Amino acid sequence: MLYFITFTGLSASAQKTIKLWDGAEMTRKQKWSELSVFLPEKPDPSGVSVIICPGGSYFWLDLNNEGFSVAKYLNKQGITAFVLRYRTALRGNHHPAMIEDLERAMQHVKENSAEYGVNPDKIGVMGFSAGGHLAGTLAIYSDMRLSDMRCETRENTTSHNLTSHNPTSHTPPSGGAWGGSPYFAAMIYPVVSMEDSICHKRSRHNLLGKNYSDELKQKMSLEKNVRPDMPPVFLLHCTGDSTVNYRNSVVFDEALTEKNVKHKFLLLEEKGRGGHGFGIRPNGKATGWIDEFVEWVNDL
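The structure presented is a predicted model; accordingly, all values stated were derived computationally and were not measured.

1. Considerations on the side chain of His 94
The topology assignment puts His 94 in the loop between β5 (80-85) and α2 (97-111). We classify His 94 as buried; its relative accessible area is 9%. For His 94, the side chain forms a polar contact with the main-chain oxygen of Asn 206, separated by 2.6 Å.

2. Topic: the environment of Leu 74
Within the element layout of this structure, Leu 74 appears in helix α1 (residues 64-76). Looking at Leu 74, the relative accessible area reads 0%, which means it is buried. When the C-alpha positions of Leu 74 and Val 50 are compared, they lie 9.0 Å apart, and in sequence the two are 24 residues distant. Filtering out sequence-adjacent residues up to four positions away, Leu 74 remains in contact with Val 50, Ile 52, Ile 79, Ile 290, Phe 293 and Val 294.

3. Some details on α1
A rise of 1.5 Å per residue sets the reference length of α1, with its 13 residues, at 18 Å; its end C-alpha atoms lie 17 Å apart and thus fit the reference within 8%. Most pronounced at Val 70, the bend in α1 amounts to some 25°. Restricting attention to buried positions, one finds in α1 the residues Glu 66, Gly 67, Phe 68, Ser 69, Val 70, Ala 71, Leu 74 and Asn 75. Looking at the buried positions of α1, the neighbouring elements they touch are β3 (34-38), β4 (49-53), β5, β6 (123-128) and α8 (289-298).

4. What to know about the pattern of salt bridges
Counting across every chain of the model gives 10 salt bridges. Note that Arg 87 is salt-bridged to Glu 100, the shortest N-O span being 3.3 Å. Taken together, the residues span a long stretch of sequence, with Arg 87 in the loop between β5 and α2 and Glu 100 in helix α2 at a distance of 13 residues. Both residues of the pair, Arg 87 and Glu 100, count as buried. Between Asp 196 and Arg 204 there is a salt bridge, with its nearest N and O atoms 2.6 Å apart. A network of salt bridges, in which partner residues are shared, links Lys 19, Glu 34 and Arg 85.

5. Describing the nonpolar core
Core analysis: the largest hydrophobic core is formed by 83 residues, its most contacted members being Ile 51, Met 126, Phe 252, Trp 289 and Phe 293. Among residues more than four places away in sequence, those in contact with Met 126 are Val 50, Ile 51, Ile 52, Cys 53, Val 70, Ala 135, Ala 186, Ile 188, Trp 289, Ile 290 and Phe 293.

Conventions we followed
- Residues numbered from 1 in each chain as written.
- Predicted model: local features only at pLDDT ≥ 70, side-chain atom pairs only at ≥ 80, totals over all residues.
- Heavy atoms only, no water.
- Helix = DSSP H or I, 4+ residues; strand = E, 2+ residues; numbered from the N terminus.
- Buried < 20%, exposed > 50% of the residue type's maximum accessible area, 1.4 Å probe, protein only.
- Polar contact = N/O pair within 3.5 Å; in protein donor to acceptor, adjacent residues only side chain to side chain.
- Contact = heavy atoms within 4.5 Å.
- Expected span 1.5 Å × (residues − 1).
- Bend = angle between axes of the 7 residues up to and from the residue.
- Salt bridge = Lys/Arg side-chain N within 4 Å of Asp/Glu carboxyl O.
- Core = buried A, V, L, I, M, F, W, Y, C linked by side-chain atoms within 4.5 Å.

It is worth stressing that arrangement in space is one thing and function is another; only the former is reported here.
Below, the structure written as structure tokens:
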């Protein structure tokens, strides 16, 4: 497979940015899918790395606050980081475009693990807000194919498999999983549920479109689909989150506990605007969570 690699000064000091879909496969919308590479000066000998999915209600991407700044901080801890610019509803994309991009990113990092100096079995994912939902989706569905999942795009309404890639694209690895299961999933103030009582309605609309089936809604309510063989999960939310109801993480924590999935849940008492969208630079009680995350990863 060809990957277009461009060296750039635009992605906040990334060493390079990769176009995830090559010329033969790239649709008009897939041209926006990119992966920015951040390599540490002193890599951790364990070879752990993480693909970061910024938030933005599945409509835009907070690339600087929840992407590049996080990657650079993790580099200082010896962790190789990749920031994913995945497709969103801003340019007419809905499910499964987002998960396709994350799977493709996982595949790329695995196939180029020697170049990046990372362990192909220790590639984790981290997501913020809607990006947290995307990270959780990969953790649950990385080896599954879901058929007849209907959602609307601005151009037409079609049925998609969760992992239905372009038929001309690279053949998946044996077993059918594109990038395989992540080493861990870190979900930071995440969207989790699609249920009316607690969902972030804008994220649901941008992910599923207008004419989604109840089956798709249930599949994308992550708390209902936790599996005992999921990778470990790092979960963080603030009780005063005024954007994404903190109960998204509470119900996910309960589901993880019920299925005996290894995880760590930090529920912090940060109020108002400070309870969401703070990345790694909160001013209140959420300060320092990223260091707890690094410690947690080192103990896996």
